[in-house]
Amino acid sequence: RDGAKPSPAVFPRRSNGAEEPSASEKQAANLRKLVLAMSDDIRVLLVKLHDRLHNMRTLSSVSSAASRRAKAEETLQIYAPLALRVGLYE
């Protein structure tokens with residue numbers, strides 16, 4: 001999402017030779033990048049939380065119910081606790 005191409009260090013080549021990472025590998029890599037960026041500057045987390053809030057507000061434009069549900073569950077499991085932790089939610 002941040003416009004950068006995945007580096008081989010973030011997505012190592014899988015043993016079967018395929019270069020395309022799975023959805024769970026992409027999610028894990030995104031979380032690793034977020035945690036690393038947060039350690040440098042909390043503003044990164046604030047921007048990510050704002051982006052996710054916008055995504056949730058515009059979720060109705062996603063055509064697939066499964067995609068909407070997956071994004072909503074990811075938000076509840078990952079982003080909501082982070083927002084709570086930094087005091088953005090009561």
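Above this text you will find the structure in question.
What follows deals with the nonpolar core. By size, the foremost hydrophobic cluster in this structure holds 6 residues: Leu-34, Leu-45, Leu-49, Ile-78, Tyr-79 and Ala-83. Elements with a contribution of two residues or more to this core: helix H2 (42-57) and helix H3 (65-85). Ranked by residue count, the leading element in this core is H3, at 3 residues. Ignoring anything within four residues of it in the chain, the contact list for Leu-34 reads Val-44, Leu-45, Lys-48, Tyr-79 and Leu-82.

A few words on the environment of Leu-31. The topology assignment puts Leu-31 in helix H1 (residues 23-40). Residues Leu-31 and Ile-78, spaced 47 residues apart in sequence, show a C-alpha to C-alpha distance of 9.1 Å.

Remark: H2 packs on H3, axes separated minimally by 11 Å, with the N-to-C direction vectors making an angle of 145 degrees. Judged by the sense of rotation from one axis to the other, the crossing of H2 with H3 is left-handed. On the side of H2, the interface is formed by Leu-45, Lys-48, Leu-49, Arg-52 and Met-56, while H3 contributes Lys-71, Ala-72, Glu-74, Thr-75, Tyr-79, Leu-82 and Ala-83. Across the contact of H2 with H3, the residue classes break down as 7 nonpolar, 1 polar and 4 charged.

Turning to the pattern of salt bridges, a few remarks are in order. Throughout the structure, instances matching the rule amount to 5 salt bridges. The salt bridge involving Glu-74 is made with Arg-52; its shortest N-O contact spans 2.9 Å. With Glu-74 in helix H3 and Arg-52 in helix H2, this pair connects stretches of sequence that are 22 residues apart. Judged on exposure class, the residue Glu-74 and its partner Arg-52 are both buried. Salt-bridge contacts for Glu-74 lead to Lys-71; the nearest nitrogen and oxygen are separated by 4.0 Å. On the criterion of helical spacing, the pair formed by Glu-74 and Lys-71 is a turn pair, its members being 3 residues apart in helix H3. A relative accessible area of 16% places Glu-74 in the buried class. Salt bridges sharing partners connect three or more residues here, namely Arg-52, Lys-71 and Glu-74.

What counts as what
Residues numbered from 1 in each chain as written. Predicted model: local features only at pLDDT ≥ 70, side-chain atom pairs only at ≥ 80, totals over all residues. Heavy atoms only, no water. Core = buried A, V, L, I, M, F, W, Y, C linked by side-chain atoms within 4.5 Å. Buried < 20%, exposed > 50% of the residue type's maximum accessible area, 1.4 Å probe, protein only. Helix = DSSP H or I, 4+ residues; strand = E, 2+ residues; numbered from the N terminus. Contact = heavy atoms within 4.5 Å. Axes fitted to C-alpha atoms, helices over the stretch in contact; angles between N-to-C directions. Left-handed = near helix turned anticlockwise from the far one by under 90°. Nonpolar A, V, L, I, M, F, W, Y, C, P; charged D, E, K, R; others polar. Salt bridge = Lys/Arg side-chain N within 4 Å of Asp/Glu carboxyl O.

Any link to function would need more than the numbers given here.
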